[in-house]
Amino acid sequence: NVRFRFDPQDGLPRLRLDRDLMKQALLNLVLNGCQAMPAGGELSVVPRALPNRLELGIADQGVGISPEDLIPLFEKYFRVKAPTGYYVPGTGLGLPVARAIVEAHGGRIWAESKVRQGTTLYFSLPRAGLSAEADE
């Protein structure tokens, strides 16, 4: 079992994007976090509106990723070897697909991690992609 926490900032703008593709990207990022976590862990989803972009962080309380594994993390078929010695399950395609979707929307994606403390996957989308309702 994994607990989810969603902490939205007040007044988040609406985005103009491909809803189905963005759902797939979010699902891939959330599933990635769930796979790396022990039972009972918490996955936090935190969106923030910044002056020129909208940023979303998905933080897990998993095993973390070593610094050398952060570099190829979004490459096709790359799978992280956990500090405990086992490979995190998966095909190694979820994060590259999420990267392609985010980049197709003019955004960027990255990760920050501390071994044995968890990982946060971030992506940001430029404000230029925000809908007209964003300022209302």
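Everything discussed here concerns the structure shown above.
Computed from a prediction, not measured in an experiment: that's the story for all the values here. (Residues numbered from 1 in each chain as written. Predicted model: local features only at pLDDT ≥ 70, side-chain atom pairs only at ≥ 80, totals over all residues. Heavy atoms only, no water.)

## Re the pattern of salt bridges
Across all of its chains, the model carries six salt bridges by this definition. In this structure, Arg53 engages Glu55 in a salt bridge whose closest nitrogen and oxygen atoms are separated by 3.5 Å. Salt-bridge contacts for Arg99 lead to Glu75; the nearest nitrogen and oxygen are separated by 4.0 Å. In this pair, Arg99 is assigned in helix 3 (residues 94-104) and Glu75 in the loop between helix 2 (67-70) and helix 3, connecting sequence segments 24 residues apart. Among the charged side chains, a salt-bridge network with shared partners connects Arg3, Arg5, Asp7 and Glu42. (Salt bridge = Lys/Arg side-chain N within 4 Å of Asp/Glu carboxyl O. Helix = DSSP H or I, 4+ residues; strand = E, 2+ residues; numbered from the N terminus.)

## Some points on the nonpolar core
Ranked by internal contacts, the top residues of the largest apolar core, which has 22 residues, are Leu29, Ile58, Leu73, Phe74, Ile109, Leu121 and Phe123. Residue assignment for this core shows that the elements contributing at least two residues are helix 1 (19-35), strand 2 (42-50), strand 3 (53-59), helix 3, strand 4 (108-114) and strand 5 (118-126). (Core = buried A, V, L, I, M, F, W, Y, C linked by side-chain atoms within 4.5 Å. Buried < 20%, exposed > 50% of the residue type's maximum accessible area, 1.4 Å probe, protein only.)

## Notes on the packing of aromatic side chains
For the coordinates displayed, the defined rule picks out one aromatic pair. Ring plane angle 15 degrees and centroid distance 5.3 Å describe the contact between Trp110 and Tyr122, whose orientation is recorded as stacked. Taken as a pair, Trp110 in strand 4 and Tyr122 in strand 5 lie far apart in primary sequence, twelve residues in all. Here Tyr122 falls in the buried class, since its relative accessible area comes to 18%. (Phe/Tyr/Trp six-rings, centres within 6.5 Å; stacked < 30°, edge-to-face > 60°.)

## Section: helix 1
With 17 residues, helix 1 should cover 24 Å at 1.5 Å per step; its first-to-last C-alpha distance of 24 Å lies within 8% of that length. Within the sequence span of helix 1, burial applies to Met22, Ala25, Asn28, Leu29, Val30 and Gly33. Looking at the buried positions of helix 1, the neighbouring elements they touch are strand 1 (3-6), strand 2, strand 3, helix 3, strand 4 and strand 5. The residue sitting at the N-terminus of helix 1 and contributing the capping side-chain oxygen is Asp18; that oxygen lies 3.1 Å from the backbone nitrogen of Asp20. (Expected span 1.5 Å × (residues − 1). Contact = heavy atoms within 4.5 Å. Polar contact = N/O pair within 3.5 Å; in protein donor to acceptor, adjacent residues only side chain to side chain.)

## Observations concerning the packing of helix 1 against helix 3
The N-to-C vectors of helix 1 and helix 3 enclose an angle of 145 degrees; their axes lie 9 Å apart at closest approach. By crossing handedness, the relation of helix 1 to helix 3 is classed as left-handed. Residues Leu21, Met22, Gln24, Ala25, Asn28, Leu29 and Asn32 of helix 1 form the contact with helix 3, whose participating residues are Gly94, Leu95, Val97, Ala98 and Ile101. Of the residues contributing to the contact of helix 1 with helix 3, the split by class is eight nonpolar, four polar and no charged. (Axes fitted to C-alpha atoms, helices over the stretch in contact; angles between N-to-C directions. Left-handed = near helix turned anticlockwise from the far one by under 90°. Nonpolar A, V, L, I, M, F, W, Y, C, P; charged D, E, K, R; others polar.)

Structural measurements only, silent on function.
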